[in-house]
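So the chains spell out like this:
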Amino acid sequence: MKKYNFYAGPSILPQFTIEETIKGLKNFAGTGLSIAEVSHRSKEFDAVIEDAKSLFKELLKIPEGYSVLFLGGGASMQFAMVPYNLMNKKAVYVNTGTWSKKAIKEAKIFGEVVEVVADDFFSLPKNIEVPSDADYIHITTNNTIYGTEYKDDFDFDIPLVADMSSNIFSRPIDVSKYDIIYGGAQKNLAPSGVAFVIIKDEILGKVNREIPTMLKYETHINKNSMFNTPPVLPIFAAYQTLRWIKNLGGLEALQKMNEEKAKLLYDEIDRNPFFEGTVAKEDRSLMNICFVMTEEYKKLEQEFLKYATERGMVGIKGHRSVGGFRASTYNALPKEAVEELIQTMQDFEAEHLAD
Ligand SMILES: *Cc1c(COP(=O)(O)O)cnc(C)c1O
């Protein structure tokens, strides 16, 4: 049976990425060796890092003065690296869900955290006041678990740090408004094992504390992400995804596709009497579409999950902290998968309305 992959992360990758990675695993760049068994100091791998960096800069239109890094440790290590490298006294954190909370926990080790919280995690705070003496403000642009997303870039007077783990490359962004953008690659880019960091060089060097070598951004900037052995294979796969994005027409093209997929599914959630959305409409994520069964049909939740699973839908069970369902509609998810899910929801409706 054909499978439709709605996992939230690690998650679906372009078939192109899978195929090219398999080729590289067998014979990397004509070396007669596998990408899994070549030195990260080889000229062939150096070309991969350079080309991946160039594509990052080209696709996201990253201005001069920024570095692109590929690091181990996932987005979760950035939760600590950001305050370690940037916080002297105080930072603002916009708390929009589970991942923000984890970032806040780390930041509190290094100084005072001013929290901006929404009433609940089902809508996003908008008019955010920032104290001018804060070292930076941290936001999570897409909340993978609750399914909310900021769809516009912010303008702040203090440095802006963004966790974009689950919506990087889903639409164009104005990188010049950000000082650090980071994320784990396993949502929209590559297999797990690598995190990306886009960092404005001039914001560094402003804290007084000693920073361990591996946790210091300058180390990795100066060594071009190769201070130690980087995650070679995930970087190689990420590079393939970047090539795929470019061939597809870049971020404008992806944005159109993502908006179209999300609209199809949200329209069905709003139409179908068995289902309803969970978050404020204007904050709905284009990447993680959360929904539940309406009060009247709540008892059918397990049944729908089983029904959908039998039709090849994989990974639509909602996160344990939210319940219900979550369909992740990342870049690589074809429209066909969304259409199949919608058909499944409609067939379920038809069968149960007949009861
Ligand atoms: C998945 C995710 C993380 C955690 O990423 P790791 O690479 O597992 O550390 C952090 N933030 C967001 C928004 C995520 O979706």
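Quick caveat: nothing in here was measured; it's all calculated off a predicted structure.

Scoring rules and cut-offs
Residues numbered from 1 in each chain as written. Predicted model: local features only at pLDDT ≥ 70, side-chain atom pairs only at ≥ 80, totals over all residues. Heavy atoms only, no water. Pairing = 2+ DSSP bridges. Helix = DSSP H or I, 4+ residues; strand = E, 2+ residues; numbered from the N terminus. Axes fitted to C-alpha atoms, helices over the stretch in contact; angles between N-to-C directions. Contact = heavy atoms within 4.5 Å. Domains from an automatic or database assignment. Buried area = accessible area lost by both parts, 1.4 Å probe. Salt bridge = Lys/Arg side-chain N within 4 Å of Asp/Glu carboxyl O. Polar contact = N/O pair within 3.5 Å; in protein donor to acceptor, adjacent residues only side chain to side chain. Buried < 20%, exposed > 50% of the residue type's maximum accessible area, 1.4 Å probe, protein only.

*Asks:* Can you help me understand the sheet that holds strand 2 (residues 66-71) in this one?
*Replies:* Think of a sheet as strands paired side by side through backbone hydrogen bonds, with each pair either parallel or antiparallel. As summarised here, the arrangement of the seven strands in space is 2-10-9-8-5-3-4, forming an open sheet in which the pairing is mixed. Looking along the sheet, the strands with just one partner apiece sit at the ends: strand 2 and strand 4 (112-117). Strand-to-strand, the axes of this sheet are offset by a mean angle of 15°, without reference to chain direction. Set on the sheet, helix 2 (residues 43-59) makes contact with strand 2 and strand 10 (195-200); between it and strand 2 the angle comes to about 130°. Contacting strand 3 (90-95), strand 4, strand 5 (137-140) and strand 8 (160-163), helix 4 (residues 98-107) runs over the sheet at an angle of about 165° to strand 3.

*Asks:* Whenever I open this one, the domain arrangement of the chain confuses me. Can you help?
*Replies:* Interfaces are often described in size by the accessible area the parts lose on coming together. Segmentation of the chain into domains returns domain 1 (4-10 + 250-353) and domain 2 (15-248). Look at where the C-alpha atoms of domain 1 and domain 2 centre, and you get two points 27 Å apart. On the side of domain 2, 31 residues touch domain 1, which itself brings 30 residues to the contact. When domain 1 packs against domain 2, close to 2,400 Å² is buried across both sides, 58% of that on carbon and sulfur atoms. A per-residue breakdown of the area domain 1 buries against domain 2 is headed by Leu251, Asp283 and Asn331, which together make up 25% of the total. Taking the shortest distance from any N to any O, the salt bridge between Glu252 and Lys61 comes out at 3.9 Å. At the junction of domain 1 and domain 2, the tally comes to 15 residue pairs in polar contact (both at pLDDT 80 or more). Every element with two or more residues in the side of domain 1 that touches domain 2 is listed here: helix 7 (250-271) and strand 12 (288-293). If one sorts the elements of the side of domain 1 that touches domain 2 by residue count, helix 7 sits on top with nine residues.

*Asks:* Explanation requested: the environment of Ser176 in the structure shown.
*Replies:* Within the element layout of this structure, Ser176 appears in the loop between strand 8 and strand 9 (180-184). Take Ser176: its relative accessible area is 42%, and that puts it in the partly exposed class. Between the C-alpha atoms of Ser176 and Glu64, which are 112 residues apart in sequence, the distance is 9.3 Å. If near-sequence neighbours (up to four positions away) are discounted, Ser176 is found in contact with Pro63 and Tyr66. Within the structure, Ser176 has its side chain in polar contact with the side chain of Asp174 (distance 2.6 Å).

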